Amino acid sequence: MPELAARYGRRTTVLERVLCAVALALGGRPGARLTQRLAAAVSRMTLLRMVRALPDPEQSTPRVLATTPCLTG
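What counts and what doesn't
- Residues numbered from 1 in each chain as written.
- Predicted model: local features only at pLDDT ≥ 70, side-chain atom pairs only at ≥ 80, totals over all residues.
- Heavy atoms only, no water.
- Helix = DSSP H or I, 4+ residues; strand = E, 2+ residues; numbered from the N terminus.
- Buried < 20%, exposed > 50% of the residue type's maximum accessible area, 1.4 Å probe, protein only.
- Polar contact = N/O pair within 3.5 Å; in protein donor to acceptor, adjacent residues only side chain to side chain.
- Contact = heavy atoms within 4.5 Å.
- Salt bridge = Lys/Arg side-chain N within 4 Å of Asp/Glu carboxyl O.
- Core = buried A, V, L, I, M, F, W, Y, C linked by side-chain atoms within 4.5 Å.
- Axes fitted to C-alpha atoms, helices over the stretch in contact; angles between N-to-C directions.
- Parallel < 35°, antiparallel > 145°, perpendicular 65-115°, else oblique.

S.K.: What exactly am I supposed to notice about the side chain of threonine 35 here?
M.R.: Within the fold, threonine 35 resides in helix H2 (residues 29-37). Overall, threonine 35 belongs to the buried group, its relative accessible area being 1%. At 3.5 Å, the side chain of threonine 35 and the backbone nitrogen of valine 42 are in polar contact. Contact partners of threonine 35, with chain neighbours within four places excluded, come to Leu19, Val22, Ala40, Ala41 and Val42.

Structure, rendered in C-alpha cells:
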C-alpha cells in the first residue's frame, strides 16, 4: 500500500502533505505551534527540514519581454 505510507515511514502521505503545507505557509515556530493544535506535533526543525527537502519549483521562461520606450529611442 505505497499510496498510504512509505515503507518504514513514520507518517502517512496525507499527514506529510499537511505538514509540508503548514511548513510552507507558516515556517518553523508558528508552524510547530499549529501542529500541536492539530494533534500532529512536530518540531520547528522538522518543518524546516521538510521545506528544504522539497524540490525547487519549475521556473517557466517568460513569453514577452517588455522594454521601456525611453531606453529604445
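S.K.: Sorry, what's going on with the pattern of salt bridges here?
M.R.: Note that side chains of opposite charge can pair when their charged atoms are close. Considering all chains together, one arrives at one salt bridge under this definition. A salt bridge links glutamate 16 to arginine 11; the nearest nitrogen and oxygen atoms lie 3.8 Å apart. Take glutamate 16: its relative accessible area is 29%, and that puts it in the partly exposed class. You can call arginine 11 partly exposed: its relative accessible area is 29%.

S.K.: It is not clear to me how the nonpolar core should be interpreted in this structure. Could you clarify?
M.R.: Grouped burial of nonpolar side chains is what soluble globular proteins tend to show. Core analysis: the largest hydrophobic core is formed by seven residues, namely Leu19, Cys20, Ala23, Ala32, Val42, Leu47 and Met50. Broken down by element, the residue count for this core peaks at three residues, all from helix H1 (residues 13-26). When neighbours within four sequence positions are excluded, alanine 32 is seen to be in contact with Val42, Ser43, Arg44 and Leu47.

S.K.: Would you mind showing me how to read the packing of H1 against helix H3 (residues 44-53) here?
M.R.: Two numbers describe a pair of packed helices, the interaxial angle and the distance between the axes. The contact between H1 and H3 brings their axes to 9 Å, and the two run at 95°. Here H1 lies roughly perpendicular to H3, going by the angle between them. Together, Glu16, Leu19, Cys20, Ala23 and Leu24 of H1 and Leu47, Met50 and Val51 of H3 make up the contact between the two elements.

Honestly, that's just the spatial picture; any functional story needs more than this.
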